[in-house]
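Results of the structural survey
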Amino acid sequence: MSSKCEHCSVFPVYDGYVLPAFPPLVPVPDKHMAAVRNFESRDNDILICSLPKTGTNWGYEIISMLVQGHATYVKGAKITGMLEAVDDLSTLNELKSPRVLSTHVPFRHLPKQHLAKGCKIVHFRRNPKDVMVSCYNHCTHDDRISHPRTSEDEEFPGTWENFLKDQMESKHNFYDGFFKYEKEWEDAKNKNQVTSVHTVFYENLKKDPVNEIKRLATYLEVPADDELAKDIADKCSFQKFLNAVLTVKTGVVKIVEGGNQFLFRKGIVGDWKNWFTVAQNEQFDELLDKELKGTSLKFTFEI
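Keep in mind that what you see is a predicted model, and the values were worked out from it rather than measured.

Turning to the side chain of Glu-203, a few remarks are in order. Positionally, Glu-203 belongs in helix H7 (residues 202–207). Here Glu-203 is buried and forms no salt bridge, its nearest opposite-charge partner Arg-126 lying at an N-O distance of 4.9 Å. Excluding its chain neighbours within four sequence positions, the residues that come into contact with Glu-203 are Arg-125, Arg-126, Asn-127, Val-269, Thr-300 and Ile-303.

This is how it looks when you write it as structure tokens:
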């Protein structure tokens with residue numbers, strides 16, 4: 001299903017959308033993406049599904065703490081169970097149950113067994129304006145992404161103005177882009193193609209972490225009283241979690257090098273207002289109205 005993308009010259013492309021240059025996806029992603037689709041799911045697997053920059057590292061830590069029943073940082077990182085990034089998916093058999101796995105691939109490419117068995121899915125969503133800003137900063141500071149491509153291709157991500165324009169025109173859209181990704185999920189839910197899913201909005205988790213963590217625990221069918229939920233919320237607050245990533249975790253992509261942080265930046269709601277010009281915001285709102293028309297998708301842009 002690999003196909004060429006007129007806008008991308010080095011990123012792997014699958015089914016018409018761009019993928020990050022994870023080793024198992026380069027140079028041709030077909031084999032590994034088929035392995036993701038045919039992944040052998042366990043009945044009690046928990047799969048985090050989301051677009052990049054929607055809080056999945058944060059969510060992974062919260063879910064891992066809930067599963068283990070105490071607010072202790074896990075040594076592994078989200079990427080160790082990220083289906084499209086793991087070189088050999090059979091190595092995930094070594095993880096004890098329940099496994100907390102993750103992926104950014106669109107709904108149509110999720111593991112078939114996971115959906116057929118009705119295994120648990122936690123779907124993280126975040127408002128698209130903050131996603132755009134976070135993605136731009138990630139791409140700008142990740143040396144594996146931010147450099148000129150070829151003489152035939154433009155520099156990526158370029159300026160904020162160029163990046164936003166590209167995203168709005170569906171150029172360099174990783175994982176099918178924000179609108180296609182979220183509308184496909186919404187359609188799957190409406191058609192009951194997914195039978196077990198819990199949606200977490202980034203903004204709600206920031207505003208009321210304790211209650212959102214308790215809601216998540218109820219869905220996961222794990223105990224979580226007020227004390228545990230408060231402890232997890234505290235340990236997973238932005239600065240404490242960032243410190244843990246730097247001092248506790250192993251096998252994490254080095255996020256601080258020469259002052260650059262591309263996995264974690266601010267962790268706030270509404271930073272888009274520091275980036276979007278008035279004209280850009282008006283243009284984006286027009287696109288939002290067009291893309292979300294006829295759907296029940298709604299997002300919170302400030303709290």
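Taken together, four strands build an open sheet; the order of strands is S4-S3-S5-S6 and the sheet is parallel. In the strand order of this sheet, the two ends are held by strand S4 (100–103) and strand S6 (197–201), each with one partner. For this sheet, the mean angle separating the axes of adjacent strands, direction not counted, is 25°. Here four bridges tie strand S3 (residues 46–49) to S4, and the two strands are oriented parallel to one another. Paired with Ile-46 across the two strands is Val-100, which belongs to S4. Each of S3, S4 and strand S5 (120–125) touches helix H2 (residues 56–68); the most contacted strand, S3, lies at about 160° to it. Relative to the sheet, helix H8 (residues 209–220) contacts S3, S5 and S6, its axis offset from that of S5 by approximately 155°.

A few words now on helix H1 (residues 30–37). Among the residues of H1, those classed as buried are His-32, Met-33 and Val-36. Projected down its long axis, H1 carries its buried residues within an arc of 100°, all on one side.

It is worth spelling out the environment of Lys-298 at this point. The topology assignment puts Lys-298 in the segment after helix H11 (278–292). C-alpha separation for the pair Lys-298 and Leu-288, spaced 10 residues apart in sequence, amounts to 9.9 Å.

Another point: the packing of aromatic side chains. Applying the stated criterion to the full structure yields 16 aromatic pairs. Between Trp-272 and Phe-276, the ring centres sit 6.0 Å apart and the planes meet at 85°, which makes this aromatic pair edge-to-face. What links up through ring pairs into an aromatic cluster is the set Tyr-136, Trp-160, Phe-163, Phe-178, Phe-179, Trp-272, Trp-275, Phe-276, Phe-284, Phe-299 and Phe-301. The ring of Phe-301 is capped by Lys-129, whose NZ or CZ atom sits 4.8 Å from the centre of that ring. Its end group placed over the ring of Trp-58, Lys-206 keeps NZ or CZ at 5.7 Å from the ring centre.

Definitions and cut-offs
Residues numbered from 1 in each chain as written. Predicted model: local features only at pLDDT ≥ 70, side-chain atom pairs only at ≥ 80, totals over all residues. Heavy atoms only, no water. Helix = DSSP H or I, 4+ residues; strand = E, 2+ residues; numbered from the N terminus. Buried < 20%, exposed > 50% of the residue type's maximum accessible area, 1.4 Å probe, protein only. Lys, Arg positive; Asp, Glu negative; His and termini not counted. Salt bridge = Lys/Arg side-chain N within 4 Å of Asp/Glu carboxyl O. Contact = heavy atoms within 4.5 Å. Pairing = 2+ DSSP bridges. Axes fitted to C-alpha atoms, helices over the stretch in contact; angles between N-to-C directions. Arc of directions from axis to C-beta. Phe/Tyr/Trp six-rings, centres within 6.5 Å; stacked < 30°, edge-to-face > 60°. Lys NZ or Arg CZ within 6 Å of the ring centre and 35° of its normal.

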